[in-house]
Amino acid sequence: MTQGVLSFPLTSFHDDGSLDPDGFRTHVADRMATAPGAVFPACGTGEFFSLDEDEYRQVVTIAVEEADGRLPVVAGVGYGWAQAARFARIAEEAGADALLVLPHYLVAAPQDGLVAQLEQLAARTRLPLIAYQRGQVAFTAASLRRVAAIPGVIGLKDGHSDLDRLQRLTLAAPDGFLFFNGAATAEIQARAYATVGVPAYSSAVHAFAPEIANAFFTALRDGDDTGDRGGRGDKTVDRLLRDFYVPLVELRDRVPGYAVSLVKAAARLRGRPVGPVRAPLTDPSPADLADLRTLLNTGLDLVGAAL
């Protein structure tokens, strides 16, 4: 899971909002062909929050079938531990390899409660768990030690981007405990995360432009990330950050929910069968869609690809 971009596929819907299993299968197969490190169906980018249990079963099953044992399939689960356990049983029956535990629903909770949430879920599934700290979930170093001691909990995905806190967590964790950069557009902070010992990251861009995502990952891994950052001597990482990723984040920040909506819109611009987002998300405005098309063309041109 540290040897390639972590792929978070989009869940395909028909125009009427119903699940499109065939479109999802095509989308996942296309992701698999680009050699990600792992695939994470039905997570945030995959609109887990909008899926019922039957749809969830179909999505995870398709991802497992398309992976065919070639790479790990990590399914999202969430809400309170009782509901998360229901999704965990479905994912286990579908053949998933592990679970990403999305932040619980609505309420703030103390550290003891955050640990207990994982204890309750771990006791109800045979699948390994990766905790996801984001929003109202943020572990202290002391709590992380307790989390890492829970049988079956194997890692932590971080979406807070508080590198001071994250460094403390990595130092508190036992050897072999996994950490992942789960920032909204993880490439923006990939270098910074790597400096505190967290080189692995998820990539929403991989869902619509694996050429860009893989070019960035390869350049960062191979050290093509230094140069004259103020001039035309920039190396690959800096060029992609300056001319594609930073403008993408600026576009994403225009409207709440664009972290998913823009990704789906970009996939549709490339002819991918992913369909619209489900409410409460909304698809991009015509003006934002035009800006996205221009930016996508720029990013693809940087890596020698085309729309």
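These numbers were taken from a predicted model, which means no experiment stands behind them.

Engineer: How should I be thinking about the pairing of strand β6 (residues 153-158) in this particular structure?
Structural biologist: Consecutive side chains along a regular strand alternate between the two faces of the sheet. Most of β6 sits inside the fold, with 5 of its 6 residues counted as buried. Sheet topology note: the strand β5 (residues 129-133)/β6 ladder contains 5 bridges and is parallel. Directly across from Tyr132, in β6, lies its bridge partner Lys157. Running through helix α5 (residues 141-148), the crossover from β5 to the neighbouring parallel element β6 is right-handed. As a crossover connection, the stretch from β6 through helix α6 (residues 163-172) into strand β7 (residues 178-181) is right-handed.

Engineer: Sorry if this is basic, but what is going on with helix α1 (residues 21-32) here?
Structural biologist: Since one α-helical turn is 3.6 residues long, residues separated by three or four positions face the same way. For α1, spanning 12 residues, the distance from its first C-alpha to its last is 16 Å, which sits close to the expected 16 Å at 1.5 Å a residue. Turning to α1, its buried residues number three or more, namely Gly23, Phe24, His27, Val28, Arg31 and Met32. Next to the buried residues of α1 lie β1 (6-7), β2 (38-39), α2 (53-67) and α8 (210-222).

Engineer: What's the story with the packing of aromatic side chains in this structure? I'm lost.
Structural biologist: The geometry of an aromatic ring pair comes down to the distance between the two centres and the angle between the two planes. Applying the stated criterion to the full structure yields 11 aromatic pairs. Each ring, one from Tyr56 and one from Phe87, has its centre 4.7 Å from the other, and the planes form 75°; the classification is edge-to-face. Of this pair, Tyr56 sits in helix α2 while Phe87 sits in helix α3 (residues 81-94), and the two are 31 residues apart along the sequence. Residues Phe244 and Tyr245 carry aromatic rings whose centres are separated by 5.0 Å and whose planes lie at 80° to one another, so their mutual orientation is edge-to-face. Phe244 sits in the buried class, given a relative accessible area of 1%.

Engineer: Would you mind going over the environment of Phe13 with me for this structure?
Structural biologist: With respect to the secondary-structure elements, Phe13 resides in the loop between β1 and α1. Judged by relative accessible area, Phe13 falls into the buried class, the value being 2%. Taking the C-alpha atoms as reference, Phe13 lies 7.8 Å from Gly23; in sequence the two are 10 residues apart. Sequence-distant contacts of Phe13, defined by excluding residues within four places in its chain, comprise Ser18, Leu19, Asp20, Glu47, Ser50, Leu51, Lys264, Val274, Gly275, Pro276 and Arg278.

Engineer: Sorry if this is basic, but what is going on with the nonpolar core here?
Structural biologist: In globular proteins that are soluble, nonpolar side chains generally tend to be buried together. Core analysis: the largest hydrophobic core is formed by 68 residues, its most contacted members being Tyr56, Val77, Leu100 and Phe179. Ignoring any residue separated from it by four or fewer positions in sequence, one finds Leu100 in contact with Phe8, Phe40, Cys43, Val74, Ala75, Gly76, Val77, Ile130, Ala131, Tyr132 and Lys157. Core analysis: the next-biggest nonpolar cluster, separate from the first, contains 35 residues, Ile212, Phe244, Tyr245 and Leu251 among them.

Parameters and conventions
Residues numbered from 1 in each chain as written. Predicted model: local features only at pLDDT ≥ 70, side-chain atom pairs only at ≥ 80, totals over all residues. Heavy atoms only, no water. Buried < 20%, exposed > 50% of the residue type's maximum accessible area, 1.4 Å probe, protein only. Helix = DSSP H or I, 4+ residues; strand = E, 2+ residues; numbered from the N terminus. Pairing = 2+ DSSP bridges. Right-handed = clockwise from strand over helix to strand, strands pointing away. Expected span 1.5 Å × (residues − 1). Contact = heavy atoms within 4.5 Å. Phe/Tyr/Trp six-rings, centres within 6.5 Å; stacked < 30°, edge-to-face > 60°. Core = buried A, V, L, I, M, F, W, Y, C linked by side-chain atoms within 4.5 Å.

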